[in-house]
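Chain residues, written in single-letter form:
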Amino acid sequence: MPLMSHAVLTDPEFVVPPVPDSPPGGVAWLRSSVARFSSGAVHCRRRDLAVVELASVDPNGLRLRAAERGDGPVEVLAEALGLPANVADDVTVVAKSYQPHTAITEDADRAVARLVEACGGVADEATANRIGLLVQACDATKALVANMVAGRTDPPVPLTRRVAPDGTLVEVSLAEVPFGIGPHACPGREHALALAAGLVEARTR
């Protein structure tokens, strides 16, 4: 698969790999309902839902909560969003099947169903994007913490994917832009850094 520079991320000719629409109830539905895997006006609408969720959480308070708890980023963010910390187990399962190039397991589908219930039981875009925030806070934030503890500056997620104008699937390096740039830049950058800083503080006390 060709490897491209991060300049591709601001080129409107390169789009995120599309995912098929899917009825509510599992990982396929989650993928088809989040901002992460959509483009254009649909992406903007869904991204706004995620931004509203994040706006309800004070990053400094998130850092303090993370430093006090010292467990994991999903537990901390979930509680800040008014959800029980034990949703982290299901989020971890879903994260393994979240990306379109990964296989969807029955366990992951069941985990999505439980997360929908934890978020109020309505499988709509708002719920999907709330779950998406938790999933994207999972492995990436853990990697960010590990890098900070080790004194490394490499991005927690080294690559992302785009579809070129000719239909070729390409990988895009996130070196120097660890939170992305362009329309799909991470809306939770400030929150992720706060979470990581709090967890590093808890580890080094």
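See the structure printed just above.
Parameters and conventions
- Residues numbered from 1 in each chain as written.
- Predicted model: local features only at pLDDT ≥ 70, side-chain atom pairs only at ≥ 80, totals over all residues.
- Heavy atoms only, no water.
- Pairing = 2+ DSSP bridges.
- Helix = DSSP H or I, 4+ residues; strand = E, 2+ residues; numbered from the N terminus.
- Expected span 1.5 Å × (residues − 1).
- Buried < 20%, exposed > 50% of the residue type's maximum accessible area, 1.4 Å probe, protein only.
- Arc of directions from axis to C-beta.
- Contact = heavy atoms within 4.5 Å.
- Axes fitted to C-alpha atoms, helices over the stretch in contact; angles between N-to-C directions.
- Left-handed = near helix turned anticlockwise from the far one by under 90°.
- Nonpolar A, V, L, I, M, F, W, Y, C, P; charged D, E, K, R; others polar.

Chemist: An account of the pairing of strand S3 (residues 169-173) is requested, with residue identities and associated values reported.
Modeler: Where strand S1 (residues 3-4) lies against S3, two bridges are found, and the strand directions are parallel. Note on S3: the bridge partner recorded for Met4 is Val172. Taken together, the five bridges between strand S2 (residues 159-163) and S3 define a ladder with antiparallel strand orientation. Across the sheet, residue Val163 finds its bridge partner in S3, namely Leu169. Here S2 folds back onto S3 in antiparallel fashion, the turn holding five residues, of which Gly167 has a positive phi close to 90°.

Chemist: Tell me about helix H6 (residues 106-118), and name the residues and values.
Modeler: Spanning 13 residues, H6 covers 19 Å between terminal C-alpha atoms, matching the ideal 18 Å at 1.5 Å per step. Where H6 is concerned, the buried positions are Ala108, Ala111, Val112, Leu115 and Val116. Down the axis, H6 shows its buried residues gathered within 140° of arc, on one side only. Away from its buried face by more than 90 degrees, H6 exposes Glu106 and Glu117. Contacts from the buried residues of H6 go to helix H1 (27-33), helix H5 (88-95) and helix H7 (125-136). At the C-terminal side of H6, Gly120 shows a positive phi close to 120°.

Chemist: Lay out the packing of helix H2 (residues 40-55) against H7 with the relevant residues and their values.
Modeler: With their axes 9 Å apart at the nearest point, H2 and H7 run at an angle of 60° to one another. Every pair of crossing elements has a handedness; the one defined by H2 and H7 is right-handed. The residues of H7 that touch H2, namely those facing Arg45, Arg46, Leu49, Ala50, Glu53 and Leu54, are Glu125, Ala126, Asn129, Arg130 and Leu133. The residue inventory of the contact of H2 with H7, partitioned by class, reads five nonpolar, one polar and five charged.

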